Every structure is written in structure tokens, then in C-alpha cells.
Amino acid sequence: QVQLVESGGGLVQPGGSLRLSCAASGNIVRIESMRWYRQAPEKQREMVASISSRGIINYVESVKGRFTITRDNAKKTVYLQMNSLKPEDTSVYYCNADIRQPQSPLYELWGQGTQVTVSS
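Computed from a predicted structure; not experimentally measured. (Residues numbered from 1 in each chain as written. Predicted model: local features only at pLDDT ≥ 70, side-chain atom pairs only at ≥ 80, totals over all residues. Heavy atoms only, no water.)

A. Molecular detail of the sheet that holds strand S1 (residues 3-7). Strand order in this open sheet of 4 strands is S1-S3-S8-S7, and the pairing throughout is antiparallel. Each edge of the sheet is formed by a strand with only one pairing partner; in this case those strands are S1 and strand S7 (67-72). For this sheet, the mean inter-axis angle between neighbouring strands, taken without regard to orientation, is 15°. One ladder, built from 6 bridges, connects strand S3 (residues 18-25) with strand S8 (residues 77-82); its direction is antiparallel. Across the sheet, residue Ser21 finds its bridge partner in S8, namely Tyr79. (Pairing = 2+ DSSP bridges. Helix = DSSP H or I, 4+ residues; strand = E, 2+ residues; numbered from the N terminus. Axes fitted to C-alpha atoms, helices over the stretch in contact; angles between N-to-C directions.)

Next comes the structure, spelled out in C-alpha cells:
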């Protein structure tokens with residue numbers, strides 16, 4: 001069974017840092033783009049950052065200069081380094097990836113989410 005498992009969330013004070021990880025497991029041939037989304041209570045889910053298989057990176061404007069997305073293809077893992085965290089960054093963060101399995105079309109997979117709370 002293919003799955004994405006996030007870790008690294010928690011409670012942090014404003015100005016602090018957290019590093020999220022998302023590891024893919026299962027019979028995977030290739031992972032195309034990997035992304036981090038977040039969703040705060042009563043708000044729409046938004047894409048925070050994305051990284052393609054070629055390393056092309058995009059960020060939502062509100063996190064530019066504070067968050068960094070990276071990936072380790074050998075470990076099938078994507079990371080989100082979050083610095084200078086603000087209360088408005090409080091959300092459930094979800095990992096998302098485009099997965100290719102043997103003899104199957106590309107499909108999108110979601111992780112279960114990890115809570116990030118920024119509060120003093």
C-alpha cells in the first residue's frame with residue numbers, strides 16, 4: 001500500500017522554527033511533483049510550496065523568504081523548513097505528491113496531515 005506519512009508538527013512560539021517531513025512508502029516507480037498544503041479552521045486549503053522532480057520550486061507569497069521546501073529522492077521524502085513562524089501559519093499541514101506505480105497511470109496522493117500551532 002502506497003502512503004505518505006507526515007511528521008514534525010507541533011506547538012511553537014512566534015518567531016520559532018519547525019521542520020516538517022513527508023515520507024512516501026510502497027511500490028513506487030517515480031514521484032513527480034511534491035507539495036505542501038495547509039488548511040486552517042473555516043478556511044480553504046491552500047498550497048504552500050511545491051517542488052517538481054526537476055527541482056522547480058514555487059511558494060505562496062505569504063511564506064516566501066521564511067519557508068524552504070526540499071526533497072530527497074533517494075529517501076522519497078519532502079521537507080518543509082519553516083522559520084520566523086507567525087500565528088497565521090497555524091494550520092494542519094498536508095503533504096501531496098504525484099505518484100507513479102508500476103503499470104499504472106500517475107495519480108495524486110495525500111498524507112493524513114500534521115498540526116502546526118504558532119502561539120505564545
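B. Region of interest: the state of the cysteines. As enumerated under the stated definition, the model contains 1 disulfide in all. There is a disulfide in this structure between Cys22 and Cys95, and the S-S distance comes to 2.1 Å. With the S-S dihedral at roughly -80°, the linkage between Cys22 and Cys95 falls on the left-handed side. Taken together, the positions of Cys22 in strand S3 and Cys95 in strand S9 (residues 91-100) put the pair 73 residues apart, joining distant regions of the chain. Judged by relative accessible area, Cys22 falls into the buried class, the value being 0%. (Disulfide = S-S within 2.5 Å. Buried < 20%, exposed > 50% of the residue type's maximum accessible area, 1.4 Å probe, protein only.)

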